[in-house]
Amino acid sequence: MKSFEELLKFKDEVKKNIVLRNLDKPYKVVVEVGSNGVENGAKKVLNCLVQLMVENDYPCIVTQSDNVQFFEYVPVVNVYDQEGNQFVYVNVNEQKATEIFNSHIMNNSVVSEYLAKGGK
Amino acid sequence: MERINVLVCAVSGCASSNSLLIIQKFEEMIIKYGLKDEVRIIKTGCFGLCQKGPIVVIYPDDIYYSHVKVEDIEEIVREHLGKGKVVDRLQLTDIDQKTKEKIVDIKKIPFYAKQNRIALHNCGVINPEDVNEYIARDGYIALGKVLETMKPSEVVDVIEKSGLRGRGGGGFPTGKKWHFAAIEQSDEKYVICNADEGDPGAFMDRSILEGDPHSVIEAMAISAYAIGAKLGYIYIRAEYPIAVGRLKIAIKQAHDLGLLGENILGSGFNFDIEIRLGAGAFVCGEETALIASIEGKRGNPVPKPPFPAKSGVWGKPTIINNVETFANVPQIILNGAEWFASVGTEKSKGTKVFALGGKITNTGLVEIPMGTTLREVIFDIGGGCPNGKKFKAVQTGGPSGGCLTENDLDVPIDYDNLIERGSMMGSGGMIVLDEDNCMVDVARFYLEFIVDESCGKCTPCRVGTKRLLEMLTTICKGEGTLELLDEIEELCYHIKNNSLCGLGQSAANPVLSTLKNFKDEYIAHIVDKRCPAGVCKALLHYSIEPEKCRKCSLCARSCPVDAISGVAGQTPFYIDPSKCIKCGSCYGICRFEAIKRG
C-alpha cells in the first residue's frame, strides 16, 4: 500500500471478513429451522434473508434456531429490536421474507399482516 | 453464502488440549453436512477462560462452548450449525449467585462482566494469522494516522498525556521513556519489544503475541517514528514457538502490504523489525541484560545509568517496552489520550492484564481496569478458591513480588497500592494460594527460582540468595531457630540494597512479605516443629487412628514402600515411621478419615 488513503480503502474492503462477528446491529433476525420448519421451506427463507443481509451491507444479524412455534405456523421468522421487543412472523416464504426485510429491517416498519396473532 | 463464523481458540493453552485438531475436525464436518459455503472456521486468540478450554465461539449466535473435545464436533455441526439447536451440555453458562438463575448471556457472566479489553482488544475476535482481519478492526490505521497527520513529538505527547506506564513490572511512564530517547541526537536509534516473559505462571505477553501480533508490530512502528528509529527487535524466548511463528507470519504480511520496510504508506518513513530468540534466562527480561543478549553477549545486567534511552543496544538510544505496553499504543492513538486516561486510577491509567493461576476456579487471562480490587478479581472474576477451600494469600509480581493477604483484598489494584503493601504489579502473574499452601514453602519456591536464575555477576544476589535459600530450607526441615528469622530479615535487606539489577534487588520480596504477613507460620515451623498447611515433608507425621480404621487394607496396598502393616479384616493398620516416606498416598486414599496427618 502506497498511502494512508489506500489503507483506508483497503480497510473498507476487508471489513466484510469479520462482519458476522459484529453483533451491534439494530435488529436480530432468527429463522426457526427445526425439522418442521425445514420441511416447509425454512431453509429457503433463511438463505433468502442471508442474501438480503449481505446485499444490503449487513444491516442486521441473521441467524437460526430450533423450532419454537407450532407446526401450523412454520416457517417462523423472529425479529428482535435493540429494546428486546420480539416480532413473530409466521408462515413466511421467500416473498414474505423479502417484504419483511425491506420494510421492517430497512425501514423500521413492521409488516403487521404477517405477524402471529397478538403481534409481538 | 457465508452466514456463520466458528472461532476456535488456537493459543498455547487450548492448542495443548487439541484445539488444532478441533479446527481440522470442524473443516471435515462442515463438508460432510453440506455447510462448507455457509460456515467459516477461524483460528483465534485467547478468550480468557483457559480453565474451560478448548473454547469454541459461534457467531452471530454468540454461543460459547467450553471443554470441547474432537468427538463433540460432529454434534455441534449437525445440531447447531445445521439445525440451530444449541448443544446445551457444552454451552458455557454460569449461575447468578444472588438469584441462582442460569446466566446464558456471555457478557453477563461474572468472568467477563467486569473486564475491559484494551490490550486484548483483538484476542478471541480475529485470526492472528490474517492481516486483513486485523486491518478490518482498524489495524494499522493508528500508524497511518501518525505518519499522515502527526509530528513525532506529538506522538510522544499523546502517549505522555495518556498516562500509560510500563506493563512489564517497573511501571515507568512510557511517554517519558519515549521522550528521553526522542531528544537524543544519534545517527541510529532502536526500538525493542521485551517479550522475555519469565515469571512463573505468567502468560499475558504470550497470549497477546499469539492472539494479536500485529498490534505489537504496529505499536513498534509508531514508537520508532516517535523517537526516530529505523530498526526494532522483538526479544522473545524460544520456548514460545506459537508466538514466534505468528510473529514471523505477521512481519511478512506487514512487509507484503508495505506496512513495514521502506517508505511506509508513502510517508518516507522506514522501519523494519527483527526477531531475536532468547534461551529462556529470567535475567534477560532485565533491560540491560536483554540488550547484551541481543548483541550476542552473555545476558548479564550492567549498572544504570546510562539508561537505554541514552545508550542502549549497540550503544545507541533505545527504548524497551513490554508486549502489553505496546499492545495499548494503537488504541491510544485511535481513541485519544483522554479516552485512555479516563480508565483507571489517578496515577495508574488504563487496564492491566493478569494471568490468574494457582488455587482459583477460573484459571485464565483477564484484563481489568486499574482500580479494580483484588477481591473482585479473585472472587467475582476468578470464582474464588475451588473445593470450598479458604483463601490464604495472593502472590503478585512473580519472584520479584510478594504475598498479599485477606486484609488486602479490598485494595484497588494499581502500581502504588501494591508496592505500598509489600508486593508489586510486576508483569501480571497472579497466583492464588489457599489454606493448603505453606507460606514458608512458597517463599522457598520463589527463592529457589531466583537462585537458579541469578546470573551470578554480583555477590549479594549470587551468594546472598543461596544462603537465604539454605536458611529457609532449614526452617522447612524443622531445624530453624528464632534467631535465624532475624538473620533472614537482615540478609534480605542486604540483598535488596546491594544487588546490581532489579532481579537481585527484588529477590527477597517474597521472603519479606511472607515474614511480615505470615510470621506465625514461620514460628510454627520453628517452635512447634509443625507445618500448619501440611506441606513441609520433614515436619509431617502420618499415623492411623485405630478406632477409625476399618481394616480394609487399602492404605497398605497403596503404600509404595510397604510402611503400613496389619491384617485385613482383623487388626487396625499401623504406619512404621522409620519406613514412611511421607508421600501422602495413604492419606489420599483412605475413605474413613482414619489417617492422621500432623
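See the structure above.
Residues numbered from 1 in each chain as written. Chains lettered and ligands numbered in written order. Predicted model: local features only at pLDDT ≥ 70, side-chain atom pairs only at ≥ 80, totals over all residues. Heavy atoms only, no water.

Trainee: A description of the overall build of chain B should follow, citing residues and the corresponding values.
Mentor: Along chain B, the regular secondary structure elements total 24 helices and 19 strands. Whereas a compact globule of 598 residues would reach a radius of gyration of roughly 25 Å, chain B reaches 27 Å, a difference of no more than 12%. For chain B, the spread of C-alpha atoms along the three principal axes comes to 90 × 65 × 45 Å. Look at the contacts in chain B between residues 6 or more apart in sequence, and 69% of them connect residues 24 or more apart. Counting only carbon and sulfur atoms, one obtains 50% of the accessible surface of chain B, whose full area is about 23500 Å². (Helix = DSSP H or I, 4+ residues; strand = E, 2+ residues; numbered from the N terminus. Rg over C-alpha atoms; globule rule 2.2 N^0.38 Å. Contact = heavy atoms within 4.5 Å. Areas by Shrake-Rupley, 256 points an atom, 1.4 Å probe, with all protein chains shown as cover.)

Trainee: Which residues make up the pattern of salt bridges, and what are the values?
Mentor: All names here are of chain B. In total, this model carries 43 salt bridges over all chains according to the counting rule given. Among the ionic pairs, glutamate 129 bridges to arginine 246, the shortest N-O distance being 3.1 Å. Of the two residues, glutamate 129 sits in the loop between helix 4 (110-113) and helix 5 (131-136) while arginine 246 sits in helix 11 (residues 241-256), which places them 117 residues apart along the sequence. Exposure remark for arginine 246: the relative accessible area of 4% places this residue in the buried category. (Salt bridge = Lys/Arg side-chain N within 4 Å of Asp/Glu carboxyl O. Buried < 20%, exposed > 50% of the residue type's maximum accessible area, 1.4 Å probe, protein only.)

Trainee: Summarise the interface of chain A and chain B; cite the residues concerned and give the values.
Mentor: With 29 residues of chain A at the contact, the number on the chain B side is 39 residues. In total, chain A and chain B occlude about 2800 Å² of area from one another, counting both sides; carbon and sulfur atoms represent 63% of this. Considering only the surface of chain A that becomes buried against chain B, Phe4, Leu20 and Arg21 of chain A emerge as the three largest contributors, covering 26% of it. Put simply, chain A and chain B have 2 salt bridges between them. One salt bridge connects lysine 11 of chain A with aspartate 138 of chain B, and the closest N-O pair in it is separated by 2.5 Å. (Buried area = accessible area lost by both parts, 1.4 Å probe.)

Trainee: Pulling in residues and values, what's your account of a negative patch on the surface?
Mentor: Residue and element names in this part refer to chain B. A surface patch of like charges, here negative, comprises Glu483, Asp486, Glu487, Glu489 and Glu490. Within the secondary structure, glutamate 490 is located in helix 19 (residues 482-498). Taking the relative accessible area as the measure of exposure, glutamate 490 reaches 61% and is therefore exposed. (Patch = residues over 30% accessible without salt bridge, like charges linked within 9 Å, V, L, I, M, F, W, Y side chains within 5 Å. Lys, Arg positive; Asp, Glu negative; His and termini not counted. Charge placed at Lys NZ, Arg CZ, Asp CG, Glu CD.)

Trainee: Any chance you could break down the state of the cysteines for me, citing the residues and the numbers?
Mentor: Covalent bonding between the sulfur atoms of two cysteines is what defines a disulfide. Residues and elements named next belong to chain B. Throughout the structure, instances matching the rule amount to 0 disulfides over all chains. Looking at the unpaired cysteine 193, the closest cysteine sulfur is the one in cysteine 123, lying at 14 Å. With no disulfide of its own, cysteine 476 has cysteine 536 as its nearest cysteine by sulfur position, at a separation of 3.8 Å. (Disulfide = S-S within 2.5 Å.)

The values are spatial; any link to function lies outside them.
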